[in-house]
Each structure stands twice: as structure tokens, then as C-alpha cells.
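Summary of the model geometry
The lines below spell out each chain.
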Amino acid sequence: VGDKGELIASVCGVVEKVDKLITVVPLHSRYVARTGDVVVGRIVDVKPKNWTVDVNGRTYATLMLNSVNLPYGELRRRKDDDALNMRSMLEEM
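For every chain, the first residue of the written sequence is number 1, and numbering continues from 1 onward in sequence order. In keeping with the predicted nature of the model, local features appear solely for residues at pLDDT of at least 70, side-chain atom pairs appear and are counted solely at 80 or more, and the whole-chain, interface and lining totals rest on all residues. As a convention, hydrogens and water are excluded, and side-chain values are obtained from all of the structure's heavy atoms.

Section: the environment of Cys12
Helix and strand definitions here come from DSSP, where helices need a minimum of 4 consecutive H or I residues and strands a minimum of 2 consecutive E residues; each element is numbered from the N-terminal end. For Cys12, the position within the fold is in the segment before β1 (13-18). Along the chain, Cys12 and Val25 lie 13 residues apart, while their C-alpha atoms are 8.0 Å from each other.

In C-alpha cells form, the structure reads like this:
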């Protein structure tokens, strides 16, 4: 609050008012993924059961081995061999 009682934002952006709540949505911010979004990312770490993916967001994403869709819609229990072959399950660009 300024000297004259006016509100001063700490970021540059668009003002949104809902009843008595006033927020400022920044013009430039990191991407925040939501369920159902299709994202493109870069693999930064490979672990035994998951990959760490940089999706240019606030944090890295985690791609679990059991979340990978197998070719031809095959449904089966994942095994240790799948962890070793995880790279071949996804196409590299």
C-alpha cells in the first residue's frame, strides 16, 4: 500500500478482481502444466523406474515407466527388462 492508500503490485501484469480479492497475473511466467496437456520436454536424468524431464516449467516433470504406453496398446505388467529398454519405447527426435 502506497502513501496515498493505493495498491502497488510487485509484478507487471494483468489485474484480476473477484469481489474484494485483487490479483495480478504476470505477463511473463513459467509454464504450469495441467492434467491432459501435451508437453514437449528434454530428458535430463534417467533412473531405474522413471525419467526426469525438463518441460521448461517451474520444476522438472517425472515420467514413470508404468505411465509409458507400450507399442500397439499392449497391456501387461512391467518388468525389469522394460526399465532397460525404456529408451526404445519412445522415439527420439
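There is more to say, and it comes next.
Notes on the pairing of strand β3 (residues 42-46)
Sheet topology note: the β3/strand β4 (residues 50-54) ladder contains 4 bridges and is antiparallel. Across the sheet, residue Arg42 finds its bridge partner in β4, namely Asp54. For two strands to pair, DSSP has to find at least two bridges joining them. Counting the residues that bridge the hairpin from β3 to β4 gives 3 residues.

Regarding a nonpolar patch on the surface
In this scheme, patches are assembled from residues that exceed 30% relative accessible area and form no salt bridge. Like charges are connected within 9 Å, while nonpolar side chains (Val, Leu, Ile, Met, Phe, Trp, Tyr) are connected within 5 Å. In short, Shrake-Rupley with a 1.4 Å probe defines the accessible areas, and a residue's cover is counted only from the protein chains shown. Whenever Lys or Arg places a side-chain nitrogen within 4 Å of a carboxyl oxygen from Asp or Glu, that contact is recorded as a salt bridge. On the surface, Leu7, Val15 and Ile22 cluster together into a nonpolar patch covering about 290 Å² of accessible area. Take Ile22: it is sitting in strand β2 (residues 21-26).

Brief notes about unusual backbone geometry
Residues apart from glycine generally show negative phi values, whereas peptide bonds are mostly found in trans. Phi angles above zero are rare outside glycine, and Asp19 is one such case at about 55 degrees. Along the chain, Asp19 turns up in the loop between β1 and β2.

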